[in-house]
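Each chain is listed here by its residues.
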Amino acid sequence: MAFKYLNPGYIPQSYAFSNNQAVRIVRGNIYNPRCGVALISDNTNCTIEDAITNGTNYLYIKFDIFLPETTTTTIYTDVVASIKRIFRIKQTGSTVEVLPLNNEDYTISGDDTNLKLGRVNTISLQLYTGGTNWSLTTYINDAEYPICGGLTNSNYSGIVNAGDYIIFSISNKQPVSNIIISDEEINFKEVIVEVDSSAVETTMTARTDGTYATAQIGDYVLKILDTSGLYGNFGSDCKVLGMAAVAAPAFATGGAEDVMLVKCRTISDTAMTDYPLKFFFDREDPDDYDFYYLKNMTEEQFAEINSSDTAALPCLLQALPVNSNTKLADLNGLKVGWVASDPNE
């Protein structure tokens, strides 16, 4: 069974912390022209939750990364699969290097990398983990520019297992966005876009900042998707290859102790589907790993965080299945949202 993970640039529910630095969201179309958000951190490992849901010999990863015109220090962005580093971008000043499969012999420098400074670059990694060697084919900025193909590393062997994680070690100068991870090949034309809504159905309280609040189990907020605004660029019959629901921000205030869980819900013309519960809780030890981590904060704390251009906003991200023949127009009118839920469910 195939899996697909999509994240335009929101903080995953689970991620590893180092040096007590949280992953943050940076806003701006310069970092992500389609969705306006990207991930940054101070070299903190950002673990993608449940990305690998079944063992596989093939792993495909695609993401966008903004590279500044220059840096005052050396900065890195790493991609790690199953605790093995498979890809690194290194930038010192206006000089960039690419290091695939953690092997100095494969280093690519300067113009040969096809990386562009002061703009967003698209990276596609195709990893084969079968046999006694891992092999990696890397593409930077379109399929027409393969900078390395069939590279192998004999120190890397074994299948990527279910339960393993993909980790992005990212900097505060190289925002990462539009992450796609799958065990099936990712089309070079595949992109992540946000879908507008035509209306909202809710039993929660709508607030002036655009968020919704409740202290009542069973309350919900559902947005009715309007895909028509995308038809001009993609066409109504454009194939949908994956889908995810995002709640950003998503947090508890501590004043609604009975509502500490939420779940994602979709409603179509034929079915209502609920997805696994997500927990809200505090993290007492910042050096521990936490999964399904969401912040319990006061309104004042949220207002202070939300006013920053680089916000450590707690988010919810739920992958949603799509059929192999799903078209963009098929999603028009679909209701997608969140329900306050009983912890005893």
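Residues numbered from 1 in each chain as written. Predicted model: local features only at pLDDT ≥ 70, side-chain atom pairs only at ≥ 80, totals over all residues. Heavy atoms only, no water.

Asker: Before we move on, could you go through the overall build of the chain and cite the residues and values that matter?
Answerer: Counting its regular elements, the chain contains two helices and 24 strands. Once local pairs closer than 6 in sequence are excluded, the contacts in the chain between residues at least 24 apart make up 70%. (Helix = DSSP H or I, 4+ residues; strand = E, 2+ residues; numbered from the N terminus. Contact = heavy atoms within 4.5 Å.)

Asker: I'd like a rundown of the side chain of Q91, residues and numbers included.
Answerer: Note that Q91 resides in strand β7 (residues 84-92). For Q91, a relative accessible area of 0% corresponds to the buried category. A distance of 3.1 Å separates a polar atom in the side chain of Q91 from the backbone oxygen of G93. Within the structure, the side chain of Q91 is placed 3.3 Å from the side chain of Q174, a separation counted as a polar contact. Those residues in contact with Q91 that lie beyond four places of it in its chain are L67, P68, E69, T70, T71, T73, T74, I75, V96, L117 and Q174. (Buried < 20%, exposed > 50% of the residue type's maximum accessible area, 1.4 Å probe, protein only. Polar contact = N/O pair within 3.5 Å; in protein donor to acceptor, adjacent residues only side chain to side chain.)

Asker: Residue-level account of the pattern of salt bridges, with values.
Answerer: Think of it this way: side chains of opposite charge can pair up when their charged atoms draw near. In the structure shown here, the tally under the stated rule is seven salt bridges. Put simply, R265 and D274 hold a salt bridge, and the shortest N to O gap is 2.7 Å. Here the salt bridges share partners, and the residues they tie into one network are K263, R265 and D274. (Salt bridge = Lys/Arg side-chain N within 4 Å of Asp/Glu carboxyl O.)

Asker: Got a sec to walk through the packing of aromatic side chains? Specific residues and values, please.
Answerer: Two numbers describe a pair of aromatic rings. These are the distance of the centres and the angle of the planes. The tally for this structure, following the rule as stated, stands at five aromatic pairs. Between the aromatic rings of Y31 and F66, the centroid separation amounts to 5.1 Å while the plane-to-plane angle is 90°, which identifies the pairing as edge-to-face. Highlighted residues: Y31 in the loop between β2 (24-27) and β3 (37-40) and F66 in strand β5 (residues 58-67), separated in sequence by 35 residues. When the ring of Y58 is compared with that of Y128, the centres are 4.9 Å apart and the planes differ by 40°; the resulting orientation is tilted. (Phe/Tyr/Trp six-rings, centres within 6.5 Å; stacked < 30°, edge-to-face > 60°.)

Asker: Residue-level account of the nonpolar core, with values.
Answerer: In a soluble, globular protein the nonpolar side chains are often hidden away together inside. Judged by nonpolar contacts, the single largest core of 42 residues is most densely connected at I61, F63 and I86. Top contributing element to this core by residue count: β5, with five residues. Each residue touching F63, except ones within four places of it in the same chain, is listed here: V79, F87, N121, T122, I123, L125, F168, V176, S177, N178 and I179. (Core = buried A, V, L, I, M, F, W, Y, C linked by side-chain atoms within 4.5 Å.)

Asker: How would you explain the pairing of strand β10 (residues 119-128) if you had to name every residue and give the values?
Answerer: Side-chain direction in a regular strand flips from residue to residue, so the side chains alternate between the two faces of the sheet. Most of β10 sits inside the fold, with seven of its 10 residues counted as buried. The sheet contact formed by β5 and β10 spans 10 bridges and is antiparallel. Opposite L59, over in β10, you have L127 as the bridge partner. Judged from the six bridges that link them, β10 and strand β11 (residues 134-140) form a sheet pairing that is antiparallel. Paired with Y128 across the strands is S135, a residue of β11. (Pairing = 2+ DSSP bridges.)

Asker: Would you mind going over the environment of R24 in detail, with residue names and values included?
Answerer: Here R24 is to be found in strand β2. The exposure class assigned to R24 is buried, which follows from its relative accessible area of 17%. Counting along the chain gives 151 residues from R24 to P175, while the straight-line C-alpha distance between them is 9.8 Å.

Asker: Break down unusual backbone geometry for me, with residues and values.
Answerer: The omega torsion across A248 and P249 is 5°, close enough to zero to call that bond cis. Within the secondary structure layout, P249 lies in the loop between β19 (243-247) and β20 (261-267). Of note, the phi angle at N114 is positive, near 65°, even though the residue is not glycine. Within the fold, N114 resides in the loop between β9 (108-109) and β10. With a phi angle near 50°, N178 is a residue other than glycine that sits in the positive phi range. With respect to the helices and strands, N178 occurs in strand β14 (residues 176-182).

Asker: Pulling in residues and values, what's your account of the confidence of the model for the chain?
Answerer: For the chain, per-residue confidence averages 80 on the pLDDT scale, and residues scoring 70 or more make up 76% of the total. Throughout residues 15-21 the model reports pLDDT below 50, and contacts reaching past four residues in sequence, or to other chains, amount to 22 contacts. Long-range and interchain partners of residues 282-294, a stretch whose pLDDT sits below 50, account for 36 contacts in this model, where long-range means more than four residues apart. (pLDDT = per-residue confidence, 0-100.)

Asker: Pulling in residues and values, what's your account of the environment of A247?
Answerer: If you trace the backbone, A247 turns up in strand β19. Taking C-alpha positions, A247 is 8.1 Å from W338, a pair spaced 91 residues apart along the chain. When sequence neighbours within four positions are dropped, the list of residues in contact with A247 reads P314, C315, L316 and W338.

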